[in-house]
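Spelled out, the chains give:
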Amino acid sequence: MARPEIGVLALQGGVDEHLAALERSGADPRPVRRPEELAAVRGLVLPGGESTTAARLLDAFDLTAALQERLAGGMPAYGSCAGMILLASEVLGGGALRPLGALDVSVRRNAFGRQVDSFEADLEFAGDVVRAVFIRAPWVERVGAGVRVLATAPAGPQVADDVDRAGRIVAVQQGPVLATAFHPELVGGDELVHRHFVQIVRAR
Ligand SMILES: NC(=O)CC[C@H](N)C(=O)O
């Protein structure tokens, strides 16, 4: 079967890592910076980074309306960390950020607290185990009726600011839209999440 063309929004964040993980997952990956490039892909990855900056860059590159249109038309999308925030319908602690609204979830930014800014954990993701890297990660505080929870955070070490992370929702899917609070692309050789996304694109 031909490799599906999947774009990686290439405005900031771990673009190369996502391109490489998609390649290893059987896709034909390509960076997307322009509306014509967005029109030529069957699915799109929105990498992590900083969500307020990412939203501004989408505007600056004239991509916001085109992206909203493709999402409304059912294009598969996968957002990791800041990408999850962008895809949400509501952002808590988000300042002036207006998310794209492709996922019926409320996401809290920087939710895991100062002391656990960054951590790694093995998580169960849709019945398999994935090594997850969390960097100033958000979590999902509300899921709408059509949203499937694919992973929750395990219990962590007790930390000074007393954030209880156990059971927090960190991966969700609604139809063809997938999001993780963590960065699977930073773990070389673990393509579980990317393979899951390529399957979503193929099934479309
Ligand atoms: N690793 C990340 O993508 C961090 C997301 C960042 N904390 C934000 O709010 O946008």
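Residues numbered from 1 in each chain as written. Predicted model: local features only at pLDDT ≥ 70, side-chain atom pairs only at ≥ 80, totals over all residues. Heavy atoms only, no water.

Named according to an unreviewed UniProt entry, the protein is Pyridoxal 5'-phosphate synthase subunit PdxT originating from Saccharopolyspora montiporae. Annotation of the protein in UniProt includes, under Subunit (unreviewed entry), the sentence "In the presence of PdxS, forms a dodecamer of heterodimers. Only shows activity in the heterodimer." Taken directly from UniProt, the Sequence similarities (unreviewed entry) text for the protein runs: "Belongs to the glutaminase PdxT/SNO family." (UniProt positions renumbered as here; feature names shortened; annotations may be inferred.)

Draft legend 1. Representation of the overall build of the protein in the model. What the protein contains, in helices and strands, is six helices and 12 strands. A globule of 204 residues ought to have a C-alpha radius of gyration of about 17 Å, and the protein, at 16 Å, matches this closely. Dimensions of the protein, computed from the C-alpha atoms along their principal axes, are close to 50 × 35 × 30 Å. Put simply, the protein has 204 residues, and 54% of those count as buried. Accessible surface for the protein amounts to roughly 8900 Å². Of this, 46% is attributable to carbon and sulfur atoms. Between the centroid of the 21 positive side chains of the protein and the centroid of its 25 negative side chains there is a distance of 3 Å. (Helix = DSSP H or I, 4+ residues; strand = E, 2+ residues; numbered from the N terminus. Rg over C-alpha atoms; globule rule 2.2 N^0.38 Å. Buried < 20%, exposed > 50% of the residue type's maximum accessible area, 1.4 Å probe, protein only. Areas by Shrake-Rupley, 256 points an atom, 1.4 Å probe, with all protein chains shown as cover. Lys, Arg positive; Asp, Glu negative; His and termini not counted. Charge placed at Lys NZ, Arg CZ, Asp CG, Glu CD.)

Draft legend 2. A look at the environment of Gly74. Tracing the sequence through the fold places Gly74 in the loop between helix H4 (64-72) and strand S4 (77-80). Its relative accessible area of 15% is what places Gly74 among the buried residues. Here the alpha-carbon distance between Gly74 and Val187, two residues 113 residues apart in the chain, equals 29 Å. Each residue touching Gly74, except ones within four places of it in the same chain, is listed here: Pro176 and Arg204. (Contact = heavy atoms within 4.5 Å.)

Draft legend 3. Expanded view of the side chain of Ser51. Positionally, Ser51 belongs in helix H3 (residues 51-60). Polar side-chain contacts of Ser51 include one of 3.4 Å to the side chain of Arg109. The residues contacting Ser51, other than those within four sequence positions of it, are Ala82, Ile85, Leu86, Leu97 and Arg109. (Polar contact = N/O pair within 3.5 Å; in protein donor to acceptor, adjacent residues only side chain to side chain.)

Draft legend 4. Region of the structure containing the side chain of Glu185. Note on placement: Glu185 falls in the loop between strand S12 (177-180) and helix H6 (192-203). Buried charge without a partner: Glu185 forms no salt bridge, and the closest opposite charge is Arg24, 9.3 Å away. At a separation of 2.8 Å, a polar atom in the side chain of Glu185 contacts the side chain of His183. Apart from residues lying up to four places away in sequence, Glu185 is in contact with Gly14, Glu17, His18, Ser80 and His194. (Salt bridge = Lys/Arg side-chain N within 4 Å of Asp/Glu carboxyl O.)

Draft legend 5. Up close: the site of the ligand. In the vicinity of the ligand, the contacting residues are Gly48, Gly49, Glu50, Ser51, Cys81, Ala82, Ile85, Arg109, Asn110, Ile135, Arg136 and His183. Backbone polar atom of Ser51 to an oxygen atom of the ligand: 2.6 Å apart, as the coordinates give it. A distance of 2.7 Å separates an oxygen atom of the ligand from a polar atom in the side chain of Arg109. Cavity membership is defined here by more than half of the atoms lying within 2 Å of grid points; on that basis the ligand lies in the second largest pocket. In terms of residue class, the shell around the ligand is made up of four nonpolar, five polar and three charged. (Near = heavy atom within 4 Å. 1 Å grid on protein atoms, 1.4 Å probe; cavity = no way out; pocket = protein on both sides within 12 Å on 5 of 7 lines; lining within 4 Å. Sits in = over half its atoms within 2 Å of the grid points. Nonpolar A, V, L, I, M, F, W, Y, C, P; charged D, E, K, R; others polar.)

Draft legend 6. Structural view of empty space enclosed by the protein. All chains considered together, the criterion is met by one cavity of 30 Å³ or more. What the largest cavity holds in volume is close to 70 Å³. Lining the largest cavity are Leu9, Leu11, Gln12, Leu46, Pro47, Gly48, Ala54, Leu57, Ala82, Gly83 and Leu86. Put simply, the parts of the chain that give the lining of the largest cavity at least two residues each are H3 and helix H5 (82-87). For the lining of the largest cavity, the element with the most residues is H5, which contributes three residues. Grouping the amino acids of the lining of the largest cavity by side-chain chemistry returns eight nonpolar, three polar and no charged. (Points joined across faces, edges and corners; volume = space filled by probe spheres on them.)

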